[in-house]
Amino acid sequence: MQEPAMTGLGPKVLTTTRLILRPWQDSDHAPFSAMSTDPEVMAHLLPFASPQAITGWINRQQMHLAENGFCFWAIESKESGAFMGAAGLLRISCKAHFTPAVEVGWRLARRFWGQGYAPEAAGAALQFGSEHLGLTEIVANTVPSNHNSRRVMEKLGMSSEPADDFDHPLVPEGNPLRRQMLYRLSRRNWSKQRRS
């Protein structure tokens, strides 16, 4: 994996062997909207209430990048230039037993599943967070039934403990997505992985 390219206080882009994680562009709205209405992509995520909510999500990423130097960046294929999804880091806005915290996350259009893109993109974000931001810990969360994301988290070296499971405060009571597993990765363990 290549070192993240730095510009000013934050990264202009993060690059990997096959991917570019970059700021959002107007041309990303249509493909992101398409993947955000795909029932399989959204199976373990709260649905967007409207097209305006999808645009609002992208706008929040842009604001987060401007304020913090990182966000869930748009993912672009180096080979084809195609928009593939989103991945990166976010400051968690809700209150939970593990906050304040920064999370790593990703979502990919379905045609890019099963090809190792999620751990590749998330790994670049973890590297940036651990080595350039100096974060002592990065977390991730998902529902227990999301075995694909859990495998990615474990592949990244993240671990979970039953005592860390929590009810997500932004998910309504009674919703099957409310109960979440928390995964953690300390900077120390990230460094150990990099050396091994």
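Now for a quick tour of the structure. (Residues numbered from 1 in each chain as written. Predicted model: local features only at pLDDT ≥ 70, side-chain atom pairs only at ≥ 80, totals over all residues. Heavy atoms only, no water.)

**Details of the pattern of salt bridges**
The final tally for this structure, using the stated rule, is eight salt bridges. A salt bridge links R110 to E40; the shortest N-O distance between them is 3.0 Å. Of the two residues, R110 sits in the loop between strand 6 (102-108) and helix 3 (117-132) while E40 sits in the loop between helix 1 (29-36) and helix 2 (51-68), which places them 70 residues apart along the sequence. Its relative accessible area of 38% is what places R110 among the partly exposed residues. Here the residues in one salt-bridge network are R22, D28 and E76, joined through shared partners. (Salt bridge = Lys/Arg side-chain N within 4 Å of Asp/Glu carboxyl O. Helix = DSSP H or I, 4+ residues; strand = E, 2+ residues; numbered from the N terminus. Buried < 20%, exposed > 50% of the residue type's maximum accessible area, 1.4 Å probe, protein only.)

**Digging into the environment of P176**
Tracing the chain through its elements places P176 in the loop between strand 9 (166-167) and strand 10 (179-186). In the structure, P176 is positioned 132 residues away from H44 in sequence and 9.1 Å away in space, judged by C-alpha atoms.

**A word on the pairing of strand 5 (residues 83-91)**
Burial runs high along strand 5: eight of the nine residues are buried. Note: strand 4 (residues 72-77) against strand 5, five bridges, orientation antiparallel. Within strand 5, the residue paired with W73 across the bridge is A87. Hairpin connection, strand 4 to strand 5: the antiparallel pair is bridged by five residues, and G81 has positive phi, about 80°. Judged from the seven bridges that link them, strand 5 and strand 6 form a sheet pairing that is antiparallel. The residue of strand 6 that forms the bridge with A87 is W106. (Pairing = 2+ DSSP bridges.)

**Side note on the packing of aromatic side chains**
Per the counting criterion, the structure on display carries ten aromatic pairs. Consider the rings of F32 and F48, whose centres lie 6.3 Å apart with planes at 70°: the pair is edge-to-face. Residue F32 is found in helix 1, and its partner F48 is found in the loop between helix 1 and helix 2; the two are separated by 16 residues along the sequence. Look at F32 and you get buried, because its relative accessible area is 0%. (Phe/Tyr/Trp six-rings, centres within 6.5 Å; stacked < 30°, edge-to-face > 60°.)

**Here's the deal with unusual backbone geometry**
T99 connects to P100 through a cis peptide bond whose omega is 5°. Among the structural elements, P100 can be located in the loop between strand 5 and strand 6.

**Digging into the side chain of D164**
Positionally, D164 belongs in the loop between strand 8 (159-160) and strand 9. The class of D164 is buried, set by a relative accessible area of 12%. The residues touching D164, leaving out its near neighbours within four places in the chain, are H97, L182 and R184. (Contact = heavy atoms within 4.5 Å.)

**Remarks on helix 3**
Taking 1.5 Å as the rise per residue, helix 3 with 16 residues should run 22 Å; its terminal C-alpha atoms sit 22 Å apart, in good agreement. Among the 16 residues that make up helix 3, 14 are buried, leaving the element largely enclosed by the rest of the structure. Following helix 3 by one or two positions, G134 has its phi on the positive side, about 70°. (Expected span 1.5 Å × (residues − 1).)

**Things to note about helix 2**
With 18 residues, helix 2 extends 26 Å between its outermost C-alpha atoms, agreeing within 8% with the 26 Å of an ideal straight helix rising 1.5 Å per residue. Those residues of helix 2 lying buried are I54, G56, W57, I58, Q61, H64 and L65. Tucked inside the fold, the buried residues of helix 2 contact helix 1, strand 4, strand 5 and strand 6. Positive phi appears at G69, one or two residues downstream of helix 2, with a value of about 85°.

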